[in-house]
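The lines below spell out each chain.
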Amino acid sequence: MIPFENTLPYETIGKDVYLIECPYCGERNVLLPLRTADLTPIREGRKRLIVFPCCREKMTAVDADRDYLLGDRPIRRR
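Because the structure is predicted, anything quoted here is derived from the model rather than measured.

Calculation criteria
Residues numbered from 1 in each chain as written. Predicted model: local features only at pLDDT ≥ 70, side-chain atom pairs only at ≥ 80, totals over all residues. Heavy atoms only, no water. Core = buried A, V, L, I, M, F, W, Y, C linked by side-chain atoms within 4.5 Å. Buried < 20%, exposed > 50% of the residue type's maximum accessible area, 1.4 Å probe, protein only. Helix = DSSP H or I, 4+ residues; strand = E, 2+ residues; numbered from the N terminus. Contact = heavy atoms within 4.5 Å. pLDDT = per-residue confidence, 0-100. Pairing = 2+ DSSP bridges. Axes fitted to C-alpha atoms, helices over the stretch in contact; angles between N-to-C directions.

Peer 1: Help me understand the nonpolar core, please; the structure alone is not making it clear to me.
Peer 2: Taken as a class, soluble globular proteins show a tendency for nonpolar side chains to be buried jointly. Formed by 17 residues in total, the largest nonpolar core has its most connected members in L32, M59 and L69. At the level of elements, β3 (16–21), β4 (28–35), α1 (36–43) and β6 (58–64) are the ones that each hand at least two residues to this core. Those residues in contact with L69, other than ones at most four positions away along the chain, are N6, T7, L8, Y10, L32, L34, L39, I50, M59, A61, D63 and A64.

Structure follows, in structure tokens:
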């Protein structure tokens, strides 16, 4: 079972990947340094380091589906 606290919901608009809210600093509408084409290798098992542009926090994405990124450690609180 995938731990819920390791997931991060995202949205795609065009070729860009956005977060509704940064889980670390609370900034709204954060444009991630990812494109929709970058999600395919993550889905196939390739890890990807993501640095949030708003607060410079880091997470490693280990998997993705159409709605969520899965991190290697807890990202949000229950």
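The rest of the description comes next.
Peer 1: Quick question: what am I supposed to make of the confidence of the model for the protein here?
Peer 2: Parts of the model with low pLDDT should not have their predicted coordinates read in detail. For the protein, the mean per-residue pLDDT works out to 93, and 96% of the residues sit at or above 70. Here strand β1 (residues 7–9) stands out as the least confident element of the protein, with mean pLDDT 94; strand β5 (residues 48–51) is the most confident, with 97.

Peer 1: Could you clarify how one ought to interpret the sheet that holds β4 in this entry?
Peer 2: Where strands meet in a sheet, backbone hydrogen bonds hold them as pairs that are either parallel or antiparallel. Taking strand neighbours across the sheet as the criterion, the three strands line up as β2-β3-β4 in an open arrangement whose pairing is antiparallel. Since the sheet does not close on itself, it has two edges, and those belong to β2 (11–13) and β4, each with one partner. When strand polarity is set aside, the average angle formed by the axes of neighbouring strands in this sheet is 40°. The pairing of β2 with β3 spans three bridges and is antiparallel. The partner of T12 across the bridge, within β3, is V17.

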